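Below are the chains, spelled out letter by letter.
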Amino acid sequence: MASLKHVFAHFAARVSEWAGKPVIFILALLSVIVWGLTGPIFDFSETWQLVINTGTTIITFLMVFLLQNAQTRDTRAIQAKLNELILTSAAENRFVGIENLDEEDLKHLDRLVEKAAKSRGDEAEGDQRENKPSAKSPVKQKRRRIVSAAPSNSDQ
């Protein structure tokens, strides 16, 4: 069973990569154009319409599952990478696994993070007004040191 899952995952990744290429879109567009141009030949019959409807329905139905599989794996990989970054940085470990929260909890957490970011931004503005070096911009810190190290007119 594990081998079948691996084969399907590999197949889904290849097909989703392949389906996203511009040449595939062009081929699909050309197919629709050819189908449309053959309408007069088949007298725009119900069978002629059924061909495009059935073909597109089958392709769409199958692609939904393949693309969902590829997207789910990509999302899990991104979550694992983000969790690793959180665990190895100064970020708060409580953010690991938040993708499993319900919508209301995520909205609440988003508001808390936004509030914390705003308060940190206000603190940074206060630091700049007091001419304290900010940890956010090493270039500005160096410039301040250079400017403050230069003799002023009153020193000469």
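Right, let's walk through the structure included here. Everything numeric in this text was worked out from a predicted model, so none of it was measured. (Residues numbered from 1 in each chain as written. Predicted model: local features only at pLDDT ≥ 70, side-chain atom pairs only at ≥ 80, totals over all residues. Heavy atoms only, no water.)

### Quick word on unusual backbone geometry
- The backbone of Asp43 sits at a positive phi, close to 60 degrees, despite the residue not being glycine.
- With respect to the helices and strands, the residue Asp43 is situated in the loop between helix H2 (22-37) and helix H3 (46-87).
- Classification of Asp43 as exposed rests on a relative accessible area of 64%.
- Backbone geometry places Phe44, a non-glycine residue, at a positive phi of 50 degrees. (Helix = DSSP H or I, 4+ residues; strand = E, 2+ residues; numbered from the N terminus. Buried < 20%, exposed > 50% of the residue type's maximum accessible area, 1.4 Å probe, protein only.)

### Here's the deal with a negative patch on the surface
- A contiguous patch of negative charge on the surface is contributed by Asp102, Glu103, Glu104 and Asp105.
- With respect to the secondary-structure elements, Glu104 resides in helix H4 (residues 103-129). (Patch = residues over 30% accessible without salt bridge, like charges linked within 9 Å, V, L, I, M, F, W, Y side chains within 5 Å. Areas by Shrake-Rupley, 256 points an atom, 1.4 Å probe, with all protein chains shown as cover. Salt bridge = Lys/Arg side-chain N within 4 Å of Asp/Glu carboxyl O. Lys, Arg positive; Asp, Glu negative; His and termini not counted. Charge placed at Lys NZ, Arg CZ, Asp CG, Glu CD.)

### Describing the packing of aromatic side chains
- Applying the stated criterion across every chain yields a total of 3 aromatic pairs.
- Residues Trp35 and Trp48 carry aromatic rings whose centres are separated by 4.0 Å and whose planes lie at 5 degrees to one another, so their mutual orientation is stacked. Highlighted residues: Trp35 in helix H2 and Trp48 in helix H3, separated in sequence by 13 residues.
- You can call Trp48 buried: its relative accessible area is 10%.
- Relative to Phe65, the ring of Phe61 lies with its centre 5.1 Å away and its plane at 80 degrees, an arrangement referred to as edge-to-face. Of the two residues, Phe61 and Phe65 both sit in helix H3, 4 residues apart, roughly one turn of that helix.
- Residue Phe61 is classed as exposed on the basis of its relative accessible area, which comes to 52%.
- Overall, the relative accessible area of 47% leaves Phe65 in the partly exposed class.
- Following the ring pairs from residue to residue traces out a cluster consisting of Trp35, Phe44 and Trp48. (Phe/Tyr/Trp six-rings, centres within 6.5 Å; stacked < 30°, edge-to-face > 60°.)

### What to know about the layout of surface pockets
- Considered as a void within the structure, the largest pocket measures approximately 330 Å³ in volume.
- Looking at the largest pocket, the residues that line it are Trp18, Ala19, Ile24, Phe25, Ala28, Ser31, Val32, Ile52, Gly55, Thr56, Ile59 and Met63.
- At the level of elements, helix H1 (2-19), H2 and H3 are the ones that each hand at least two residues to the lining of the largest pocket.
- Residues of the lining of the largest pocket, tallied by class, amount to 9 nonpolar, 3 polar and no charged.
- Lining the second largest pocket are Glu92, Arg94, Phe95, Ile98, Leu112, Val113, Ala116, Ala117 and Arg120.
- Along the lines of polarity and charge, the residues of the lining of the second largest pocket split into 6 nonpolar, no polar and 3 charged. (1 Å grid on protein atoms, 1.4 Å probe; cavity = no way out; pocket = protein on both sides within 12 Å on 5 of 7 lines; lining within 4 Å. Points joined across faces, edges and corners; volume = space filled by probe spheres on them. Nonpolar A, V, L, I, M, F, W, Y, C, P; charged D, E, K, R; others polar.)

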